[in-house]
Amino acid sequence: MAGETVITLTGNLVDDPELRFTPAGAPVARFRVASTPRVYDKQAGQWSDGESLFLTCSAWRQLAENVAESLTKGARVIVTGRLKQRSYDDREGIKRTAYELDVDEIGPSLKNATARITKAPRTNTPQPSQQPTADPWNSTGQPPQYADEPPF
């Protein structure tokens, strides 16, 4: 991750996360987060909302499925990820730049809410084998013998 810009964003989901699948079958959830700073106006003597930042976020694989199942529009979240920039030409041929966040971690903010954590079962994790694995270098055809002491 050297050279990447890692940020943490706190805000509200603008819409429900949209879960899709790549042609290879990898799940990806896309959603937008609006972060609005509170600014104190000394002349008026009161707090007011600053300008909102809207950031499109993408979560991948198991995280994507958990996001789509757990979070909904309006939820206050804390998101950490890597900020990405991409350039493109719009319909009129004008160059545009978009900033997006590749999500590493996300969770609900507990500032004004409560949450109940349910641990998701692991998927696509190889289970340990009950039998010793075949040794491709074993030319005797006999099962491997394991000693308690290292061979050196």
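Since this is a predicted model, take the numbers as computed values, not measurements.

## Looking at the pairing of strand S3 (residues 27-35)
Stage number 1. Across the 9 residues of S3, 7 count as buried, placing the element largely inside the fold.
Stage number 2. As paired strands, strand S1 (residues 5-13) and S3 are joined by 2 bridges and run antiparallel to one another. Considered in S3, the bridge of Leu13 is made with Val33.
Stage number 3. From the end of strand S2 (residues 18-21) to the start of S3, which pair antiparallel, there are 5 residues, and Gly25 there has a positive phi angle of about 95°.
Stage number 4. Examined bridge by bridge, S3 and strand S6 (residues 53-60) share 8 bridges and lie antiparallel to one another. The residue of S6 that forms the bridge with Arg32 is Thr56.

## Section: the nonpolar core
Stage number 1. Residues Phe31, Val33, Val67, Val77, Val79, Val103 and Ile106 are the most contacted members of the largest nonpolar core, which totals 16 residues.
Stage number 2. Of all elements in the fold, only S1, S3, S6, helix H1 (61-70), strand S7 (76-89) and strand S8 (95-108) reach the threshold of two or more residues within this core.

## Observations concerning the side chain of Ser109
Stage number 1. As for its placement among the helices and strands, Ser109 is situated in the segment after S8.
Stage number 2. Owing to a relative accessible area of 8%, Ser109 belongs among the buried residues under this scheme.
Stage number 3. Within the structure, the side chain of Ser109 is placed 3.3 Å from the backbone nitrogen of Lys111, a separation counted as a polar contact.
Stage number 4. Once you skip the residues sitting within four places of it in the chain, Ser109 turns out to touch Arg76, Val77 and Ile78.

What counts, and at which threshold
Residues numbered from 1 in each chain as written. Predicted model: local features only at pLDDT ≥ 70, side-chain atom pairs only at ≥ 80, totals over all residues. Heavy atoms only, no water. Buried < 20%, exposed > 50% of the residue type's maximum accessible area, 1.4 Å probe, protein only. Helix = DSSP H or I, 4+ residues; strand = E, 2+ residues; numbered from the N terminus. Pairing = 2+ DSSP bridges. Core = buried A, V, L, I, M, F, W, Y, C linked by side-chain atoms within 4.5 Å. Polar contact = N/O pair within 3.5 Å; in protein donor to acceptor, adjacent residues only side chain to side chain. Contact = heavy atoms within 4.5 Å.

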